[in-house]
Amino acid sequence: ELIRKTKLNAMTFDGRYYNFRSKGTKLDENFYFSLINIFELSKKNHLYAKGSFFRNVFQGFDRQWKIGGGYLRTIGDKKHGTLSLRVGYQLRESDVTQKSVGEYNQGYHNFSLIGFMLRMVLAENITLISKFDYEHDMNLNQNFNVECNSDLVFTVNKWLDLKFNYQFYYDGLPVSGKRSKDERLEFSLQVKF
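What follows deals with the packing of aromatic side chains. Enumeration according to the criterion identifies 13 aromatic pairs in this entry. Note on Phe116 and Phe132: the rings are 5.7 Å apart at their centroids and 25° apart in plane angle, and the pair reads as stacked. You can see Phe116 sitting in strand β7 (residues 107-123) and its partner Phe132 sitting in strand β8 (residues 126-137), a full 16 residues away along the chain. Judged by relative accessible area, Phe116 falls into the partly exposed class, the value being 34%. We classify Phe132 as partly exposed; its relative accessible area is 28%. Cluster of aromatic residues (ring-pair linked, three or more members): Phe13, Phe31, Phe33, Phe53 and Trp65. Across the ring face of Phe111, the terminal group of Arg92 is positioned such that the distance to the ring centre comes to 3.7 Å.

In structure tokens:
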């Protein structure tokens, strides 16, 4: 994750690659990157623009591009914690792995977005960061996504953090033959520079 901040905006590039194997068999492979730019209207009000790319053939996507934007409202303070609420719109273009006839997830779709991000300081060196997103297809009620991503961050010193991460993902209309739900629990070291 790379972050560049100026007085009026913050730009974040996030890239992830996962490759899971068990006894020589590949169980999952996920490639994701995103670029988000947040423009400050006032201390509590922001606009954002975001683009992302996703590839996971185990979930049925050879590729998926997303582009959108919206409004953010933040309450709270940096010392104790913040709550950020968002509403937005997103255009998706998906290329599914097995292009079966009638596969709904293939092609272009319009999504409305709502979500929140909570950042709470639990102790001087322990912070909870939890993000929840609900994405709803504007043309088909059964097509929605729920995603929750929570981090418990332990600050060791100015340049090193220990992080426990829990991810939950639910797809209301997955690609044919794929699972609706995915969960992950991870531990990582985070170096800040």
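More follows now that the structure is in view.
Moving on, we get to the layout of surface pockets. Approximately 250 Å³ is the volume found for the second largest pocket. Element by element, the count of residues in the lining of the second largest pocket is highest for strand β11 (residues 181-191), at 3 residues.

Strand order in this open sheet of 11 strands is β1-β2-β3-β4-β5-β6-β7-β8-β9-β10-β11, and the pairing throughout is antiparallel. Two strands lie at the open edges of the sheet, namely β1 (2-5) and β11, each paired on one side alone. On average, adjacent strands in this sheet sit at an angle of 15° to one another, irrespective of strand direction. Relative to strand β2 (residues 9-22), β1 is paired through 4 bridges, and the arrangement is antiparallel. Paired with Lys5 across the strands is Ala10, a residue of β2.

Parameters and conventions
- Residues numbered from 1 in each chain as written.
- Predicted model: local features only at pLDDT ≥ 70, side-chain atom pairs only at ≥ 80, totals over all residues.
- Heavy atoms only, no water.
- Phe/Tyr/Trp six-rings, centres within 6.5 Å; stacked < 30°, edge-to-face > 60°.
- Helix = DSSP H or I, 4+ residues; strand = E, 2+ residues; numbered from the N terminus.
- Buried < 20%, exposed > 50% of the residue type's maximum accessible area, 1.4 Å probe, protein only.
- Lys NZ or Arg CZ within 6 Å of the ring centre and 35° of its normal.
- 1 Å grid on protein atoms, 1.4 Å probe; cavity = no way out; pocket = protein on both sides within 12 Å on 5 of 7 lines; lining within 4 Å.
- Points joined across faces, edges and corners; volume = space filled by probe spheres on them.
- Pairing = 2+ DSSP bridges.
- Axes fitted to C-alpha atoms, helices over the stretch in contact; angles between N-to-C directions.

Taken by themselves, the reported measurements are silent on function.
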